[in-house]
Amino acid sequence: MAESVRRPGLDAQGFIEREGSLARVPDVFRPVVTAARDRLLDLFGSRLHSAYLYGSIPRGTARVGRSDLDLLVALRDEPADADRAATRTLGEALDGEFPQIDGVGTLLYGRARLLSEPERYDLGWFVACLCTPLLGDDLAEYLPRYRPDSLLARETNGDLALLLPRWRERIAAAEDSERARRPLVRFMSRHLVRTGFTLVMPRWNGWTSDLREMAGAFGAYYPQRAARLRQAAEYGHEPVGDPDVLRSYVDDLGPWLAGEYARVHGVKAPRPDPPG
């Protein structure tokens, strides 16, 4: 049962408010956003349905030289491998040209997939609540309002058990260097903190994208694991290239969290493609 305490991130009716806006983009990042917008138009032309920013840049919390540029692109048709390759090339070009960002991550989907029934409480929620419109018609107009309930928790992060084998493969395949491991630590730390937060989200009854606040909310319900998730939140901001950290994620914290998640919320419904 959700608590009666009024938490951040919700409107007066208890729905999750959309976070971020173009007005919050810091001035130093505006040239990057403009270049991304223009080049996406050049790359996809009439096939482009819409494009969005998400993450720290539209929230106004990005750090110069430390934060990445996060994009979601919706095509009118389903993307092909060539589209994904072209998107990666575009991201690499932006990353090399603009020193104020540290990497570019782009999610690429077809409009039908984003609006499909299986994705309504996963990708659909992501677009409607966590993405800031940059180009085209906003798909949020075709999606429902969302509450921080168990259904949303299950369908967003209820697949951690399926992800862990893939994570182990990525760790084993990574170059044996601190530089190569740091991005993995950052990615997995953020994913585990967000999963820990959505585990308790229905009880906490609110929404936040702040990793430290997420870890704090989790710790109120799982004090025995609180220190581990607080440390993961710090690594999400300042990653280390320690192989022991990665091992602890896939051998201890990750399996425990996956099991507890399944016990509390159940397992995410299958999707047409495997998790990554």
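Structural data are supplied above this passage.
Residues numbered from 1 in each chain as written. Predicted model: local features only at pLDDT ≥ 70, side-chain atom pairs only at ≥ 80, totals over all residues. Heavy atoms only, no water.

Colleague: Would you explain the overall build of the protein in this entry?
Modeller: The helix and strand tally for the protein stands at 11 helices and four strands. Taken along the three principal axes of its C-alpha coordinates, the protein extends 50 × 50 × 35 Å. Considering only intrachain contacts with a sequence separation of at least 6, the fraction spanning at least 24 residues in the protein is 77%. (Helix = DSSP H or I, 4+ residues; strand = E, 2+ residues; numbered from the N terminus. Contact = heavy atoms within 4.5 Å.)

Colleague: Explain the pattern of salt bridges to me, please; I cannot follow it from the model alone.
Modeller: Once their charged atoms are close, side chains differing in charge can pair, the charge on each being opposite to the other. With the rule as written, the count across this model stands at 25 salt bridges. Put simply, Glu 155 and Arg 154 hold a salt bridge, and the shortest N to O gap is 3.1 Å. The class for Glu 155 is buried, based on a relative accessible area of 6%. Where Glu 234 meets Arg 212, a salt bridge forms, and the shortest distance between an N and an O atom there is 2.8 Å. With Glu 234 in helix H10 (residues 223–237) and Arg 212 in helix H9 (residues 211–221), this residue pair connects regions lying 22 residues apart in the sequence. The network of salt bridges with common partners includes Arg 47, Asp 77 and Asp 83. (Salt bridge = Lys/Arg side-chain N within 4 Å of Asp/Glu carboxyl O. Buried < 20%, exposed > 50% of the residue type's maximum accessible area, 1.4 Å probe, protein only.)

Colleague: In this structure, what is going on with the environment of Arg 179? I would like to understand it.
Modeller: As for its placement among the helices and strands, Arg 179 is situated in helix H8 (residues 178–204). The exposure class of Arg 179 is exposed, given its relative accessible area of 69%. Taking the C-alpha atoms as reference, Arg 179 lies 9.8 Å from Asp 242; in sequence the two are 63 residues apart.

Colleague: Sorry if this is basic, but what is going on with the side chain of His 265 here?
Modeller: Position of His 265 relative to the elements: it lies in helix H11 (residues 243–265). Note on His 265: relative accessible area 9%, which makes it buried. If we ignore the near neighbours within four places in the chain, the residues touching His 265 are Ser 150, Ala 153, Arg 154, Thr 198, Leu 199 and Pro 202.

Colleague: Looking at this structure, I do not really get the packing of helix H1 (residues 30–44) against helix H3 (residues 81–97). What am I missing?
Modeller: Packing of H1 against H3 brings their axes to within 11 Å, and their N-to-C directions diverge by 150°. One element, H1, and the other, H3, form an angle in the roughly antiparallel class. The two elements H1 and H3 cross, and the hand of that crossing is right-handed. The residues of H3 that touch H1, namely those facing Ala 35, Ala 36, Arg 39, Leu 40, Leu 43 and Phe 44, are Asp 83, Ala 86, Thr 87, Leu 90, Ala 93, Leu 94 and Glu 97. Of the residues belonging to the contact of H1 with H3, the class tally is nine nonpolar, one polar and three charged. (Axes fitted to C-alpha atoms, helices over the stretch in contact; angles between N-to-C directions. Parallel < 35°, antiparallel > 145°, perpendicular 65-115°, else oblique. Left-handed = near helix turned anticlockwise from the far one by under 90°. Nonpolar A, V, L, I, M, F, W, Y, C, P; charged D, E, K, R; others polar.)

Colleague: What is the right way to read the packing of helix H7 (residues 160–173) against H8 from this model?
Modeller: The N-to-C vectors of H7 and H8 enclose an angle of 170°; their axes lie 12 Å apart at closest approach. By the angle between their directions, the pair H7 and H8 is classed as roughly antiparallel. Note on element contacts: H8 touches H7 through Leu 184, Phe 187, Met 188, His 191, Leu 192 and Thr 195, opposite Leu 160, Leu 163, Trp 167, Arg 170 and Ile 171. Taken together, the residues of the contact of H7 with H8 break down into eight nonpolar, two polar and one charged.

Colleague: I'm lost on the pairing of strand S2 (residues 69–75) in this one. Help?
Modeller: Side chains on a regular strand alternate between the two faces of the sheet. A large share of S2 lies buried, amounting to seven of its seven residues. Residues of S2 alternate between two faces, with Leu 69, Leu 71, Val 73 and Leu 75 on one and Asp 70, Leu 72 and Ala 74 on the opposite face, all of them buried. In the sheet, strand S1 (residues 48–54) pairs with S2 via six bridges, with the strands oriented antiparallel. Note that in S2 the partner of Ser 50 across the bridge is Ala 74. When S2 meets strand S3 (residues 104–110), the two strands line up parallel, connected through seven bridges. Directly across from Asp 70, in S3, lies its bridge partner Gly 105. The β-α-β motif built from S2, the intervening H3 and the parallel element S3 has right-handed crossover chirality. (Pairing = 2+ DSSP bridges. Right-handed = clockwise from strand over helix to strand, strands pointing away.)

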